[in-house]
Amino acid sequence: EPEVTQTPSHQVTQMGQEVILRCVPISNHLYFYWYRQILGQKVEFLVSFYNNEISEKSEIFDDQFSVERPDGSNFTLKIRSTKLEDSAMYFCASRSGGPTDTQYFGPGTRLTVL
Amino acid sequence: AQKVTQAQTEISVVEKEDVTLDCVYETRDTTYYLFWYKQPPSGELVFLIRRNSFDEQNEISGRYSWNFQKSTSSFNFTITASQVVDSAVYFCALSSGSSNTGKLIFGQGTTLQVKP
């Protein structure tokens, strides 16, 4: 069964460093998402991406964040200068198309900023 | 504004008990979609069910059942004869029909502990 994959599973970085989180969505999906879950809290929407551009972003998704689909398979989230409060689990999700389709989530990348 | 409320922060039951997880949502849209996801201790988010606002039929899948009531803006989830493997955090989520992006708005989650 097709699934969303994410790498790495755990990333440890120093404050101020740049990190890139990688995702491979399900191959025939058209809509891509990043969500964040701070430890013990709810899952929060960061950004949605469709047709090679951002379709919606939340207040959390400030200038420090960017997304890219560099080729036909990868979908990346970059944090330019990490802060302590960026420590969280980051989930990538994808769906095939149309509002009735379900979002399927990857296993997540746990980002720890020291 | 759209909002999902899961008032139960933690629930603890003994194996084989039935348990209901509550979800109340707020939206001004007439078309919307409701979801339940399970987050086991391993951390991934596992899709359980999707329901659209025009379909109020209750659904049963094995030991799981869902009760959607538009009149009370609730989409509750019942596990019958709970098992230890059901221990997880359960999230209810809402997606607006008027949003082309399909972003999900999650509730705070309910931690279910099933004791043997």
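Residues numbered from 1 in each chain as written. Chains lettered and ligands numbered in written order. Predicted model: local features only at pLDDT ≥ 70, side-chain atom pairs only at ≥ 80, totals over all residues. Heavy atoms only, no water.

A word on the nonpolar core
Residue and element names in this part refer to chain B.
- By size, the foremost hydrophobic cluster in this structure holds 25 residues, and its most contacted members are Trp36, Trp66, Phe77, Tyr90 and Leu112.
- Within the residue set of this core, elements represented by two or more residues are strand E2 (10-14), strand E3 (19-21), strand E5 (32-39), strand E6 (46-52), strand E8 (64-69), strand E9 (74-79), strand E10 (88-96) and strand E12 (110-115).
- It is E10 that contributes the most residues to this core, 4 residues altogether.
- The residues touching Leu112, leaving out its near neighbours within four places in the chain, are Ile11, Val13, Val19, Ile79, Asp86, Ser87, Ala88 and Tyr90. (Core = buried A, V, L, I, M, F, W, Y, C linked by side-chain atoms within 4.5 Å. Buried < 20%, exposed > 50% of the residue type's maximum accessible area, 1.4 Å probe, protein only. Helix = DSSP H or I, 4+ residues; strand = E, 2+ residues; numbered from the N terminus. Contact = heavy atoms within 4.5 Å.)

Comments concerning unusual backbone geometry
- Cis geometry is adopted by the peptide bond preceding Pro8 of chain A, which originates at Thr7 of chain A and carries an omega value of -10 degrees.
- You can see Pro8 of chain A is positioned in the loop between strand E1 (5-7) and strand E2 (10-13).
- Its identity is not glycine, yet Lys16 of chain B carries a phi of approximately 85 degrees, on the positive side.
- Assignment of secondary structure puts Lys16 of chain B in the loop between E2 and E3.

A look at the state of the cysteines
- Summed over all chains, the structure comprises 2 disulfides over all chains.
- Residue Cys23 of chain A pairs covalently with Cys92 of chain A via a disulfide, S to S 2.0 Å. Taking the sign of the S-S torsion, -65 degrees for the link of Cys23 of chain A and Cys92 of chain A, the bridge is left-handed. Of the two residues, Cys23 of chain A sits in strand E3 (residues 19-24) while Cys92 of chain A sits in strand E9 (residues 88-95), which places them 69 residues apart along the sequence. Comparing Cys23 of chain A with Cys92 of chain A, the two get one shared label, buried.
- The residue that forms a disulfide with Cys23 of chain B is Cys92 of chain B, at a sulfur-sulfur distance of 2.0 Å. Around the S-S axis, the bridge from Cys23 of chain B to Cys92 of chain B shows a dihedral of about -65 degrees and counts as left-handed. On the criterion of sequence distance, the pair formed by Cys23 of chain B in the loop between E3 and strand E4 (24-26) and Cys92 of chain B in strand E10 is long-range, its members being 69 residues apart. (Disulfide = S-S within 2.5 Å.)

A short note on the environment of Asn58 of chain B
Residue and element names in this part refer to chain B.
- Within the fold, Asn58 resides in the loop between E6 and strand E7 (59-61).
- As for Asn58 and Ala81, which are separated by 23 residues in sequence, their C-alpha atoms are 18 Å apart.
- Leaving out residues up to four positions away in the same chain, Asn58 has contacts with Arg51, Trp66, Asn67 and Phe68.

Here we look at the pairing of E6 of chain B
Residue and element names in this part refer to chain B.
- Here 6 bridges tie E5 to E6, and the two strands are oriented antiparallel to one another. Paired with Tyr37 across the bridge in E6 is Phe47.
- From the end of E5 to the start of E6, which pair antiparallel, there are 6 residues, and Gly43 there has a positive phi angle of about 105 degrees. (Pairing = 2+ DSSP bridges.)

Some points on the pattern of salt bridges
- Inspection of the entire model under this criterion finds 5 salt bridges over all chains.
- The partner of Lys103 of chain B in a salt bridge is Glu56 of chain A, with the nearest N and O atoms 2.8 Å apart. Of the two residues, Lys103 of chain B is situated in the loop between E10 and strand E11 (105-106) and Glu56 of chain A in strand E6 (residues 53-57); the pairing between them involves two chains.
- A relative accessible area of 22% means that Lys103 of chain B is categorised as partly exposed.
- For Arg63 of chain B, the salt bridge is made with Asp86 of chain B, and the minimal N-O distance between the two is 2.8 Å. In this pair, Arg63 of chain B is assigned in the loop between E7 and E8 and Asp86 of chain B in the loop between E9 and E10, connecting sequence segments 23 residues apart. (Salt bridge = Lys/Arg side-chain N within 4 Å of Asp/Glu carboxyl O.)

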